[in-house]
Amino acid sequence: MSLLSTLVAFVVALGILIVFHELGHYAVARLCGVKVLRFSVGFGAPVWSRTLGRDRTQWAVALIPLGGYVKMLDEREGPVAPAEVHRAFNRQSVWRRIAIVAAGPVANFLLALVLYWALLVHGIPGVRPVVDEPPPGSLAHAARFEAGDILTAVDGTPVRTWQDLRWRLLEKALAHSNAEVRVETDGGETRMRNLDLSGLASDDLDANFLREVGLSSYKPPLPAVIGQVLPGSVASEAGLAEGDEILSAAGTEVVRWDQFVDAVRSRPDQAVELEILRGGVVRTVTLTPEGRSENGRQVGRIGVGPRLDEAAARRYSVEVSYGPLDALYEASVRTWEVSIFTLRMLWKMVRGEVSLKNLSGPITIADYAGQSAKMGWLAYVSFLAIISISLGVLNLLPVPLLDGGHLMYYVVEVLKGSPVSERTLEIGQRVGMAVLFSLMAFAIFNDINRLVGGS
């Protein structure tokens, strides 16, 4: 995906998440009678602004799009007219202040809930968890998984797609426990496999987690025949067409589709010569696969798909969908589980049980935004839901400058019966700023390391 498209997908995602977060603060502040002076998407100098409404609230889009804020009337930040003192934020009861501050993260959770609900009502296509032959010596091999096994449940919880499976097994790996996996064998029998995840190292819990375990999607042998060419892709520009049979790639004979895929993926931004058979005539085509970051390494893509056997495709694919009420329940469960999982990962990082290399910054998030947008609107909406939950969880952390830091002060105020001192607020602000800048610097370092080192 082009840099421009990636940036657009990233900016749109940030805009949606920030607007919903700040709308949460804004809406509850208005319900509590607090006057809002400015609603800003981004920090720094405004590049666009309008003053609207009875309160003459300034709505602005600022230069630095990594956040936003709602500025409310407050005696601590400037003089307030006597007639409007009752509308100042600092004059509200502690419970109203708690509600206003908590409303931002809550809005992010509600956004994720709505997005998941929409996806589940529409239907989410997925790949059925049918496993390939595990590599010798892997955990999956030790658990006696076999090629063609269909994984149907983990510890009694049904799994319908690879995404479901990865989620359930990652939870078990974080707990350093075994997973009882129910499978349907290629012969139609139901069996249980005991997958021991207790010995996985923290560095294994990354995007390639299932590969480390030894589980990969079963790849039925497909002929090396092109069934789809994406418009505007490298393959389209090189003249490849549906029905072309690949005879060789980079000088190596090709019989199966996966051999062709391996030849292309292993040569990002390198010229690859193909021999194809079209209409009984052998032709030579030279193209350069587009390099793309995937799980921390560069792979080549040309924009083609195989000719599929429809019966086989139905066996290995599934669409997950629910009615409106069931979808609301499932969306609530997903939002809750992702939130708890995010907290557990953060706690594991603090304790050193999970590598800080898993911490991602804006560059990696932008890359994921671009990749998900390229995959289609369903993947992009799913990405938005996950990032919205992450934003909500992070903002609730008890770190000064974040919403969670303010909530921490208000809880202390409830317990001691009076607000925390100005000196405490000042020290907390400095500590919070140091923590946030350190985390951001480390996350950006990880981003750059992934780009440069491919890890």
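Rules behind the numbers
Residues numbered from 1 in each chain as written. Predicted model: local features only at pLDDT ≥ 70, side-chain atom pairs only at ≥ 80, totals over all residues. Heavy atoms only, no water. Pairing = 2+ DSSP bridges. Helix = DSSP H or I, 4+ residues; strand = E, 2+ residues; numbered from the N terminus. Buried < 20%, exposed > 50% of the residue type's maximum accessible area, 1.4 Å probe, protein only. Polar contact = N/O pair within 3.5 Å; in protein donor to acceptor, adjacent residues only side chain to side chain. Contact = heavy atoms within 4.5 Å. Axes fitted to C-alpha atoms, helices over the stretch in contact; angles between N-to-C directions. Parallel < 35°, antiparallel > 145°, perpendicular 65-115°, else oblique. Left-handed = near helix turned anticlockwise from the far one by under 90°. Nonpolar A, V, L, I, M, F, W, Y, C, P; charged D, E, K, R; others polar. Salt bridge = Lys/Arg side-chain N within 4 Å of Asp/Glu carboxyl O. pLDDT = per-residue confidence, 0-100. Core = buried A, V, L, I, M, F, W, Y, C linked by side-chain atoms within 4.5 Å. Phe/Tyr/Trp six-rings, centres within 6.5 Å; stacked < 30°, edge-to-face > 60°. Expected span 1.5 Å × (residues − 1).

### Some words on the pairing of strand β7 (residues 190-196)
Two elements, strand β6 (residues 178-184) and β7, share seven bridges in a ladder whose sense is antiparallel. Bridging from a neighbouring strand, N178 pairs with D196 of β7.

### Describing the side chain of T57
With respect to the helices and strands, T57 occurs in strand β2 (residues 57-72). Among the residues examined, T57 registers a relative accessible area of 2% and is labelled buried. Among the polar contacts listed, one links the side chain of T57 to the backbone oxygen of V36, at a separation of 2.8 Å.

### Some remarks on the sheet that holds β6
Taking strand neighbours across the sheet as the criterion, the four strands line up as β5-β4-β6-β7 in an open arrangement whose pairing is antiparallel. One side of each edge strand has no neighbouring strand; the edge strands of this open sheet are β5 (157-158) and β7. Relative to β5, strand β4 (residues 150-154) is paired through two bridges, and the arrangement is antiparallel. Bridged to A153 within β5 is P158. Packed onto the sheet, helix α4 (residues 162-174) meets β4, β5, β6 and β7 and runs at close to 50° relative to β4.

### Observations concerning the packing of helix α2 (residues 94-122) against helix α11 (residues 377-395)
Close contact between α2 and α11 brings their axes to 8 Å; oriented N to C, the two are set at 155°. Relative to α11, the element α2 lies roughly antiparallel. The crossing of α2 and α11 is left-handed. In the contact of α2 with α11, the residues fall into 16 nonpolar, six polar and no charged.

### Concerning the sheet that holds strand β9 (residues 245-249)
If you trace the four strands from one edge of the open sheet to the other, you get β10-β9-β11-β12, paired in antiparallel fashion. Unpaired on one side and paired on the other, β10 (252-253) and β12 (281-287) mark the two borders of the sheet. Note: β9 against β10, two bridges, orientation antiparallel. Counted as the bridge partner of S248 is E253 from β10.

### Observations regarding the pattern of salt bridges
Evaluation of the coordinates by the stated rule reveals 14 salt bridges. As a salt-bridge pair, K35 and E84 come within 3.0 Å of each other at their nearest N and O atoms. With K35 in the loop between α1 (3-31) and β1 (36-52) and E84 in the loop between β2 and α2, this residue pair connects regions lying 49 residues apart in the sequence. Assessed through its relative accessible area of 13%, K35 is described here as buried.

### Section: the confidence of the model for the protein
Residues of the protein with pLDDT of at least 70 account for 93%, and the chain-wide mean is 86. Confidence scores differ between elements of the protein, with helix α8 (residues 310-316) showing the lowest mean pLDDT of 69 and α2 the highest of 95.

### Section: the nonpolar core
Across soluble globular proteins, you tend to see nonpolar side chains buried next to one another. Counting 46 residues, the largest nonpolar core has V34, M72, F89, I100, Y116, I389 and Y410 as its most contacted members. For this core, the elements supplying multiple residues, two or more each, are α1, β1, β2, α2, α9 (324-351), α10 (362-375), α11 and α12 (403-416). The leading source of residues in this core is α2, at twelve residues. Contacts of M72, omitting those with residues within four sequence positions, involve A29, V34, K35, V36, L37, F89 and I100. Listed in part, the 25 residues of the second largest apolar core include V131, V181, V213 and M345.

### Thoughts on the packing of aromatic side chains
For the structure on display, the rule yields seven aromatic pairs. For the ring pair F43 and Y69, a centre distance of 6.1 Å and an interplane angle of 10° mean the geometry is stacked. In this pair, F43 sits in strand β1 while Y69 sits in strand β2, placing the two residues 26 residues apart along the sequence.

### Let's talk about the environment of L197
Note that L197 resides in the loop between β7 and α5 (209-213). C-alpha separation for the pair L197 and V213, spaced 16 residues apart in sequence, amounts to 8.1 Å. Non-local contacts of L197, meaning those with residues more than four positions away in its chain, are made with L139, L169, K172, A173, H176, S177, N178, A179 and V213.

### Notes on unusual backbone geometry
Glycine aside, residues mostly have negative phi, and peptide bonds are mostly found in the trans state. Phi at R56 is positive, roughly 55°, even though this residue is not glycine. Mapped onto the fold, R56 is located in the loop between β1 and β2. You can call R56 exposed: its relative accessible area is 53%. Phi is positive for D155, which is not a glycine, with a value near 50°. By the secondary structure assignment, D155 is in the loop between β4 and β5. Note on D155: relative accessible area 37%, which makes it partly exposed.

### With respect to α10
Compared with the 20 Å implied by 1.5 Å per residue over 14 residues, the 20 Å span of α10 between its first and last C-alpha is a close match. Taken together, the buried positions of α10 are occupied by T364, A366, A369, G370 and S372. Phi turns positive one or two residues past the end of α10, at G376, with a value near 125°.

### Brief notes about the packing of α10 against α11
It is the contact of α10 with α11, at a shortest axis distance of 5 Å, that shows an interaxial angle of 150°. When the axes of α10 and α11 are compared, the pair comes out roughly antiparallel. Contacts from I365, Y368, A369, S372, A373 and M375 of α10 reach α11 at A379, Y380 and F383. Partitioning the contact of α10 with α11 into residue classes produces eight nonpolar, one polar and no charged.

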